[in-house]
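Residues per chain are reported as follows:
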Amino acid sequence: MTAAEEFLATPLQFLKGVGPRRAADLRRAGLATVEDLLYRFPFRYEDRAHFASIASLRLGQDPRAIIGEIVETNVRWTGRRGFKIFEALVRDPSGSVLACWPNQVYLNDKLTRGQRVVLYGKLEFRRPGGLQLSNADYEILGEEDEAGAAERLHTGRIVPVYEKIGSVWPKFQRSLVQQALERLPADLDDPLPLLLRERLALLPRREAFEQVHFPPEGAALDLLQAFRTPAQVRLIFEEFFLFQIGLLLRKRDADAERKPFVLVTNQKIRESARRVLPFRLTRAQREALGQIVADMKNPHAMNRLLQGDVGSGKTIVALLAAVVAMENGLQVAFMAPTEILAEQHFLNIQRLLVASRFRVALLTGATPATARRDLVGDLAAGRVHLVVGTHALVQEGVEFARLGLVVIDEQHRFGVIQRATLRAKGLHPDVLVMTATPIPRTLALTVHGDLDVSVIGELPPGRQPIVTVAKPESRRAEIYEFLRAQVEAGRQAYVIYPLIEESAKIDLKAATEMADHLARDIFPAFRVALLHGRMKQDAKDRVMRAFADGTVDIIVSTTVVEVGIDVANATVMLVEHAERFGLSQLHQLRGRVGRGRHQSSCILLYQSPLSDDARRRLEALVETCDGFVIAERDLQMRGPGDFVGTRQSGVPTLRVGDLVRDQALMEDARREAEAFLAGEPEARLVGLVRGTWAARFGLAEVG
Ligand code: ADP
Ligand code: MG
């Protein structure tokens, strides 16, 4: 270890001024070592390089820096017991201003009459005293300071502002960073390869640290705030580059796994697949299937993501791949995120495979113990060829004789861990994950960067675009008339209620009452049914099946119908309290209609007043049906963690980069990482990434 590496690994409590309490607070915020500290960017910067005259200060302005002399100080007691305010009157040639620091009496020992100080703050109106600078940052000037000899830390320059961490105030962190930079040994090396740095004109690491925390004179404030200065870009790129190298190494390792079974396709297998197919595949489906089957015939295990907007027909593609696997004597596991969806897939697949010799089974949390025991035995003996299920598939005790293909539907709902667990049940089985949440490219490079991707970019023929409208409560009667007309014309409708964890009971009551109200008062002639997550499995199934059969006209539901459900005759999606749903969620709900040849509508009924965010979400939905556009917007509004959903979903913990803000840099990093590994990669860097990647980015070493 070099001296610099050793210093970077030093726990923060070894810096001056960091006691056990502060060290603990810092650690809790993810700052354990000097390195962590240096990689924690200021969250904004303030220009304190230019001084304003006191007379020019105005109420409502952004904070300004002033320079002047303290002419008087005072500790004021307020009415409230024990609450004191330290005050100082500061004067410059243009005038004077009162500065106050509530609850900081200790300043009485620091700030005294006659000192020259720089203050940075905002004019406020407070009683008593009127206009004053409140809680200003201060710096006491000595003779040399004013001559510009000593470096000023907190004022007189563009200063970094850090987020407060427990007992660690921004100002203290600033001193701490300065201390760390001063003590950083000269032999600091750079993880980025020299040639790469030269070609991309990236700053050396040390300079980048220095300039990120203490921007040089004349640095552009707007670039700093946008995290686009050369120093910031350099460190963000470094992080992304190391991340992508790790991801590509992982992909390489997975690609190197040889399967024990090599699959083939021939005339007989193609025939068998054709018999299953109820319609002609779209061109996009054919292409995706071609890529998948090519992977399956490859001696290395498949790791492929199948992306396609809701309704694009992913299921049949997966099923045809399953037929190829089963014709090769292998078993298939098909995992869905909810019981209802697993059940629907099961019924569908069973129907399509009824004439085949393949045995299909369903395994969910609701499967009775005896049936489960039999099924587990059949799977282990290879008597069941395809099993559809929920998380129950990844439980202990479920073993396969020859698991060759794992299909994971609506992948965003599952964690990476579950994917790995299921994969581990086979001997390097092929893995196909499917998602209807189109993932913006950058995020795909990040979260699924170790997967190959197929996209189904068109809908089956004959689909008409869904008409989407957002309506306030006042239009309810009109909406009911529309529903009535649709049902009278033979169509079916969904009415969706939000279900939020904290108020689940109330929401459930609202949905239940709504179902009653619709059935009794509004549509007495129609068949209305209620569906919610608390119902028993068989009751849910009965309702869903009745809806699919057309014996229920209107289904009132909490969001259990969100993913996957497929009823082509349903043409109305009415979402109550649309303002409470997320963008992707609404898009998923909308995807439940528009699946047949009839014109479909999605009605977003909202309660006023709308928040700005909610308004933007509804507008986006009305504007476009394109899942990729929706996904981009959603990512921007919510950020990557929430967007992808579950934790352990593969979103890395980043120190300096931001997946939304720095999309272009991630693309650069991906390209450079690919080029780097394709050449003769430095063993040192590969070793470094292999050793630290999973821990550093908070991703368990799985998959
Ligand atoms: P998703 O991609 O959202 O999972 P599904 O696989 O549920 O979509 O397919 C949506 C509907 O479209 C289903 O009813 C399915 O049978 C139908 N479908 C899929 N592909 C085609 C096709 N090529 N031609 C006609 N209908 C199709
Ligand atoms: Mg689906």
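Summarised in this report is the structure supplied together with it.

**Regarding the pattern of salt bridges**
Between side chains of opposite charge, a pair can form when the charged atoms approach closely. Throughout the structure, instances matching the rule amount to 37 salt bridges. Residue Asp-189 pairs with Arg-684 through a salt bridge whose shortest N-O separation is 3.6 Å. Separated by 495 residues along the polypeptide, Asp-189 in the loop between helix H5 (170–183) and helix H6 (194–199) and Arg-684 in helix H25 (residues 683–696) bring together distant segments of the chain. Under the relative-accessibility criterion, Asp-189 is labelled partly exposed at 29%. Owing to a relative accessible area of 45%, Arg-684 belongs among the partly exposed residues under this scheme. Note that Lys-251 and Asp-452 form a salt bridge whose closest N and O atoms lie 3.0 Å from each other. You can see Lys-251 sitting in helix H9 (residues 230–256) and its partner Asp-452 sitting in strand E16 (residues 452–456), a full 201 residues away along the chain. What you see here is one network of salt bridges that share partners, running through Asp-189, Arg-205, Glu-682 and Arg-684.

**A word on the site of ligand 1**
Near ligand 1, the surroundings consist of 16 residues, among which Gly-311, Lys-314, Thr-315, Arg-463 and Asp-566 are the closest. Between ligand 1 and Arg-280, the relevant distance is 2.7 Å, taken from a nitrogen atom to a main-chain nitrogen or oxygen of the residue. Interatomic distance of 3.4 Å between a side-chain N/O atom of Arg-595 and an oxygen atom of ligand 1. Burial of ligand 1 by the protein chains amounts to 83% of its free accessible area of 560 Å². Class assignment of the residues belonging to the shell around ligand 1 gives a composition of 4 nonpolar, 6 polar and 6 charged.

**As for the packing of aromatic side chains**
The relative placement of two aromatic rings is captured by the distance of their centres and the angle of their planes. Summed over all chains, the structure comprises 12 aromatic pairs. Measuring from ring centre to ring centre gives 6.1 Å for Phe-41 and Phe-227, while their planes differ by 5°; the resulting arrangement is stacked. Of the two residues, Phe-41 sits in the loop between helix H3 (34–38) and strand E1 (44–47) while Phe-227 sits in the loop between helix H8 (221–225) and H9, which places them 186 residues apart along the sequence. For the pair Phe-41 and Phe-227, one class covers both residues: buried.

**What about the sheet that holds strand E14 (residues 403–408)?**
If you walk across this open sheet you meet the 7 strands as E12-E13-E11-E14-E15-E10-E16, and the pairing is parallel. Pairing within the sheet leaves two strands with one partner each, and these edge strands are strand E12 (360–363) and E16. Taking the axes of each pair of neighbouring strands and ignoring which way they run, one obtains an average angle of 20° across the sheet. On the sheet, helix H12 (residues 314–327) packs against strand E10 (303–308), strand E11 (331–335), strand E13 (386–389), E14, strand E15 (430–435) and E16 and is oriented at approximately 160° with respect to E11.

**Considering the packing of H9 against H25**
Two elements in contact, H9 and H25, have axes whose closest approach is 9 Å; the angle formed by their N-to-C orientations is 95°. The orientation of H9 relative to H25 falls into the category roughly perpendicular. Residue-level contacts link Phe-241, Leu-242, Phe-243, Ile-245, Gly-246, Leu-247, Leu-249, Arg-250 and Asp-253 of H9 to Leu-685, Val-686, Val-689, Arg-690, Trp-693 and Arg-696 of H25. Across the contact of H9 with H25, the residue classes tally to 10 nonpolar, 1 polar and 4 charged.

**Let's talk about the side chain of Asp-190**
Summarising the element assignment, Asp-190 is placed in the loop between H5 and H6. A polar side-chain atom of Asp-190 sits 3.0 Å from the main-chain amide nitrogen of Leu-192. Among the polar contacts listed, one links the side chain of Asp-190 to the side chain of Arg-197, at a separation of 3.4 Å.

**What to know about the state of the cysteines**
Applying the stated criterion to the full structure yields 0 disulfides. Cys-602 takes part in no disulfide bond, and the closest cysteine sulfur, belonging to Cys-625, lies 8.3 Å away. Given a relative accessible area of 1%, Cys-602 falls into the buried group. On the basis of relative accessibility, which here comes to 33%, the residue Cys-625 falls in the partly exposed class.

Conventions we followed
Residues numbered from 1 in each chain as written. Chains lettered and ligands numbered in written order. Predicted model: local features only at pLDDT ≥ 70, side-chain atom pairs only at ≥ 80, totals over all residues. Heavy atoms only, no water. Salt bridge = Lys/Arg side-chain N within 4 Å of Asp/Glu carboxyl O. Helix = DSSP H or I, 4+ residues; strand = E, 2+ residues; numbered from the N terminus. Buried < 20%, exposed > 50% of the residue type's maximum accessible area, 1.4 Å probe, protein only. Near = heavy atom within 4 Å. Polar contact = N/O pair within 3.5 Å; in protein donor to acceptor, adjacent residues only side chain to side chain. Areas by Shrake-Rupley, 256 points an atom, 1.4 Å probe, with all protein chains shown as cover. Nonpolar A, V, L, I, M, F, W, Y, C, P; charged D, E, K, R; others polar. Phe/Tyr/Trp six-rings, centres within 6.5 Å; stacked < 30°, edge-to-face > 60°. Pairing = 2+ DSSP bridges. Axes fitted to C-alpha atoms, helices over the stretch in contact; angles between N-to-C directions. Contact = heavy atoms within 4.5 Å. Parallel < 35°, antiparallel > 145°, perpendicular 65-115°, else oblique. Disulfide = S-S within 2.5 Å.

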